[in-house]
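# Observations on the model geometry
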Amino acid sequence: MTAPRSFDHIVVVVRDLAAAAAQHEALGFTLTPRARHPDHMGTSNRLAQFGNQTFIELLEIDRPESCAPHGPEFFSFGQHAQSFLQAGEGIAMMVFAGKDAPGDARSFAEAGFGRFAPFDFGRKAVLPDGQVVEVGFSLAYALPPGLGRVGFFTCHNRFPENFWKPAFQLHPNGAEGMAEIYLAVTEPNAHRADLSQLTGAAAETVEGGYAFAAGPGQRMMALTPGRIAEMTGLPQPIAPGFAGIGIVGLQGGLIAPEAASGMFLRPL
């Protein structure tokens, strides 16, 4: 088995980016300025970057009329987000750090996760000092069967020196990095092999399901809705779907989904 894939970020689809940003800033997160993706994606975002090289992406579909549709080998990021939002806000996709999008796309196709061509795009980014720079990414998408709205991709950050900035990684709430993500599935064993293939990690049996190692100190947890409810004290999440994340250094108690765009935030 290959080395486990490290976390890169999560994509949280929201109806109103300004409102979601205000909500997360009130929770103590520092966010990057609003950035606009190319028109064929139809989306804009704001990010909460962390010192462990992970981040939360708040994403709005602000130009649905220009969004390119799915094709035989083309995964439409914008159309996926639009479809996801029909059932409510939340974590639409889990993203792993990548360095070889064509290679990842081939391995995902061989595993039965969809035959999607790698996707390259770039945009302008505003640094803390106001300087405008270029950022660019190469993506490889994966849709393991039986996981409903859940999607994954790897992301090769081609200009990390322009992307990661310490000033954006200092959060009043103490957040230092995403370390766990919780996937609610009714029958964890039915997805064990696919998730192991996707993450590059062997499944570790835990109460209520499985854990899959990622980067240092990181785990993806595939758990029953009942087990997630026991852990959090919240109602059972909808399965299949991402329910929330664990954040190292986050001060205070657990943050419920209604306060964080459809996902819970768990201090670690």
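See the structure printed just above.
Rules of the game
- Residues numbered from 1 in each chain as written.
- Predicted model: local features only at pLDDT ≥ 70, side-chain atom pairs only at ≥ 80, totals over all residues.
- Heavy atoms only, no water.
- Helix = DSSP H or I, 4+ residues; strand = E, 2+ residues; numbered from the N terminus.
- Rg over C-alpha atoms; globule rule 2.2 N^0.38 Å.
- Buried < 20%, exposed > 50% of the residue type's maximum accessible area, 1.4 Å probe, protein only.
- Arc of directions from axis to C-beta.
- Pairing = 2+ DSSP bridges.

Moving on: the overall build of the chain. Looking only at helices and strands, the chain features six helices and 14 strands. Taken over the C-alpha trace, the chain has a radius of gyration of 17 Å; the compact-globule value for 268 residues is 18 Å, and the two agree within 12%. Counting only C-alpha atoms, the chain reaches 50 × 45 × 35 Å along its principal axes. By residue count, 54% of the 268 residues in the chain fall in the buried class.

Within the span of helix α5 (residues 192-199), buried status applies to Leu 195, Ser 196, Leu 198 and Thr 199. An end-on view of α5 places all buried positions within 165° of arc, on one side of the element. Two residues or fewer after α5 comes Gly 200, characterised by a positive phi angle close to 75°.

A word on the pairing of strand β9 (residues 177-184). Within β9, eight of the eight residues are buried, leaving the element largely enclosed by the surrounding structure. Bridging between β9 and strand β13 (residues 241-248) involves seven bridges; their strand directions are antiparallel. Among the inter-strand pairings, Glu 180 is bridged to a residue of β13, identified as Gly 246. Note: β9 against strand β12 (residues 219-223), five bridges, orientation parallel. Residue Leu 183 lies in a different strand from β12, and its bridge partner there is Ala 222.

Here we come to unusual backbone geometry. Put simply, Ala 239 and Pro 240 share a cis peptide bond, and its omega is 0°. The topology assignment puts Pro 240 in the loop between α6 (225-232) and β13. You will see that Gln 53, though not glycine, has its phi angle at about 65°, which is positive. In this structure, Ser 261 takes a positive phi of about 55° despite not being glycine.

This is a description of form; function is not addressed.
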